[in-house]
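Listed here are the chains, written in short residue letters.
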Amino acid sequence: MSGQRSLLLFNQPRVISQLAIRNVWRPQRLFQTSTLLNDSSKTLGRPTVKKAGTSNTDKIKKLSKTNWKRPSSKPTTPATTAATAATGNGKKVAPKRDWSRPVDYHAEKHAGESHKLHERHVNKFSKFPPKKSETQAQKRERKQKEEELHLLARQEEKERQQIALRKAKQKAKEQQEMENQMKDVYIPEIINVANLSRILGIRLEHLVKTMEELDMGNTSHDRMLNADESSLIAMQLDMNPIVDARQSLDLFPRPPQTDPKLLFDRPPIVTIMGHVDHGKTTLLDTLRKTSVAAGEAGGITQHIGAFSVKLPSGKKITFLDTPGHAAFSSMRARGAQVTDIVVLVVAADDGVMPQTQEAIQHAQAANVPIVVAINKCDKPGVDSSHVKQELARYNVHLEEIGGDVPCVEVSGLTGLNLDQLEETIVTLSEILELKAEKSNGAEGVVIESQIEKGRGNVASILVQRGTLKTGSVVVAGQTWCKVRSMTDYQGKPVKEATPGTPVKVIGWKDVPSAGDEMLQAKDEGVAKTVVDNRVARHQRDLQLQDLAVINDKRRAQRELLEQERMAEKAYKKEMYMYQRGLSDTVPESLGKRLSAIQTNLKEEEGEDSQKDMLELRAVIKGDVSGTVEAVVDCLAGLQNKQIKVKVVQSSVGNISEGDIQLAAACEGQVIGFNVKADKKIQAEASRLNVPVKSYSVIYKLLEEVKDDLSNMLPPIISTQVVGEAAILQIFDINTKGRETRPVAGCRITNGAIQRNSKVRVVRNKETVWEGELSALRQVKKDISEAKKGLECGMSFEGFNDFQPGDVIQSIQTIETKQKL
């Protein structure tokens, strides 16, 4: 017993030393080790109780085989129990872990899966695992390709950033140039607010707002500003003010007169509007006891006529007769702008027509009251109620149905109810309280202008304010006039024209344009300076427009070069990748890419259609400026995608030798309206082979120009099948020189086939050959025509590859003239 105790004591320090070493190197197991020491310390110095069947050697073995593993904190599961039982000796064995990555080729979202979990699922399983059969060489090659692709992508991104930076710098440079290129405005020493807004080219409201931002106090339209104040406003609006009394000199309308003592009654200005051939001029002829309509070409009005009618009560009404043809839309719009009242003439037998609708729109746009005159009411069987119902659809509500538009049923031929129409106009003018000043300088508008033989440049002026006298100097548009003489609508000379009076003014330096504003100047020097400034301003505007076009073209060229450079780089990159084996797709050729860029650019800018478009060049001459304007507008509308009319020059006056030479230089023609060419001009035109055409009716001019355009267009070529035959069998016949030639044995199934006609061979609904017959025979006899049901033989020029079942069609080419 003492020997066992001594052996136990001898072995104990070794166990403690081992435990100490383990505690030093494995501090995480200190808790378990201390627990074991506490358990073993209880037995130190105590006698051990020997159990039956045990020996000292067993005790020593138990001490040496102590299990120092960490106790498992996980609950036992059937799997761990099975794993423990499988060992046989009670040891715990960790389950075998599968280190292979699972593969899931379905990246769709599963039911109950959150968004973030789905993203992880996609990132984890969407990529295919690398093949296990990949060798080291293949792996190195794959990595090398990936590195090269990554390098190319970085280079491309760098180039893209450089291009974007270059574009941003170019855009900033252009913007800086635009800011530096400020608009020059010429400002006089003293000017009011309303006229300054006209000089600066902005709305009066915008100018008033700018003055409020600058705290300039009074912002009334008639406030007088000095040069410093005007310059400050111009600089606030990013303009360059130039104080120059001469270059800034211009004429503007006076502000409205506020003193009622200086205002006097004036006659109302009434414009007659309506559809063509609805009796407008006949109605006016009955009013003024004349017969203008009988002397008009084609029975239609083609000018604006202005005249005054004196009523039995002593009051006057100024009438403007506007054309009703569709070509004179601008004239009608101009008439609606200068009028006080619009008389809408509607024929009772025709109703509301297209030009009637247009006249209603012009009057409503100008905010002018309308009086409806239903004409031709004396015709048997007409119903005016139908016209009244039609007018209601176009927002013209008559007084009879609760509206505010008066309506009078009249007859221009018999004079029915014309006195009632005059009374309605006078009553409406009294309600409008039409007044104007007579004491100051004259202001008005140009109605028509023309060149008259023996008189020179003549303009019809409607005076709106002030009094126009003989010897006055007036300015209209880009020309001026010292009034030599004036005549009324009857041709009688007058010395002065009061507001509301139409007169013909003689003495213009150039022909003014219809619709120009007429203003009176102090003297000829002021008038010349004003006209020179207006011409110079117009030329500057044209230069600015040309500069804008040039800048746009330069910008387009830069963009084109940039696109071509990018296409070339992309081609080089794709070719490099293809040559190195990084891509399997053969890159598209550089020429195709550049041509595609050019095609896209042409489609965007429309240059292709402009280059291929045919042009009918013409020099337009007319008797009055309004008619010339109408003809030019109508010819501009005669076009399609293939052809158009290009007006090289348009002016008022007779056809001159210069017009013929200009038309010859541009390979065009001269079109005159209500003007003719003398024999000398016609001889010059025939020598230079220049067509000269004169017209007096607008629709005849348009019809002939349409025919000329149609003749210039290429004809429409269509193919018509006149006969069909089916190949039943092929025969080989002997020819000279012991050669054989195949012949098609056919039966005519439809129509007839001529010997000299053009044929085509159709197989499976596709044309395989087209040409001419070399022979057409029945048995051995040559025939000129084979009709339906006849069996014959055919051979073709240069074609022997026909088969049984093919269809032979005899075709005829038909050329049809295109119409505009």
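Our structure's up above, just so we're on the same page.
Residues numbered from 1 in each chain as written. Predicted model: local features only at pLDDT ≥ 70, side-chain atom pairs only at ≥ 80, totals over all residues. Heavy atoms only, no water.

## Some words on the sheet that holds strand β24 (residues 669-673)
Here comes step 1: Judged by pairing direction, the sheet is parallel, and its four strands sit side by side in the order β23-β22-β24-β25 without closing on themselves. Every other strand in the sheet has two partners, leaving β23 (643-652) and β25 (692-695) as the edge strands with one partner each. Across the sheet, the mean angle from the axis of one strand to that of its neighbour is 25°, orientation sign disregarded.
Here comes step 2: Of the pairings in the sheet, the one linking β24 to β25 comprises four bridges and is parallel in character. In the sheet register, Ile 671 faces β25, and the bridge partner there is Lys 693.
Here comes step 3: Running over the sheet, helix α21 (residues 698-712) touches β22 (614-622), β23, β24 and β25 and is turned about 155° from β22. (Pairing = 2+ DSSP bridges. Helix = DSSP H or I, 4+ residues; strand = E, 2+ residues; numbered from the N terminus. Axes fitted to C-alpha atoms, helices over the stretch in contact; angles between N-to-C directions. Contact = heavy atoms within 4.5 Å.)

## Notes on unusual backbone geometry
Backbone geometry follows two general trends: most residues other than glycine have a negative phi, and most peptide bonds adopt the trans configuration.
Here comes step 1: Here the phi dihedral of Glu 433 falls at roughly 55°; this positive angle occurs in a residue that is not glycine.
Here comes step 2: Inspection of the secondary structure assignment puts Glu 433 in the loop between α14 (418-432) and β12 (435-437).

## Description of the pattern of salt bridges
Here comes step 1: Enumeration according to the criterion identifies 36 salt bridges in this entry.
Here comes step 2: Measuring nitrogen to oxygen at the nearest pair gives 3.8 Å for the salt bridge that ties Lys 572 to Glu 568. With Lys 572 and Glu 568 both in helix α15 (residues 524-579), this residue pair falls four residues apart, about one helical turn.
Here comes step 3: For the salt bridge of Asp 659 with Lys 621, the shortest nitrogen-to-oxygen distance reads 3.3 Å. Here Asp 659, found in helix α19 (residues 657-665), pairs with Lys 621, found in strand β22; they are 38 residues apart in sequence, far enough to count as distant. Just as Asp 659 is buried, Lys 621 falls in that class too.
Here comes step 4: One network of salt bridges, in which partners are shared, links Glu 156, Glu 157, Arg 160 and Lys 573. (Salt bridge = Lys/Arg side-chain N within 4 Å of Asp/Glu carboxyl O. Buried < 20%, exposed > 50% of the residue type's maximum accessible area, 1.4 Å probe, protein only.)

## Structural notes on the packing of aromatic side chains
Here comes step 1: Within this structure, the stated rule accounts for seven aromatic pairs.
Here comes step 2: Ring geometry for Phe 307 against Tyr 489: centres 5.8 Å apart, planes inclined by 50°, an arrangement best described as tilted. With Phe 307 in strand β7 (residues 305-310) and Tyr 489 in the loop between β17 (479-487) and β18 (493-494), the pair connects residues that are 182 residues apart, well separated along the chain.
Here comes step 3: Given a relative accessible area of 1%, Phe 307 falls into the buried group. (Phe/Tyr/Trp six-rings, centres within 6.5 Å; stacked < 30°, edge-to-face > 60°.)

Everything listed here is a matter of coordinates, which is why it stays silent on function.
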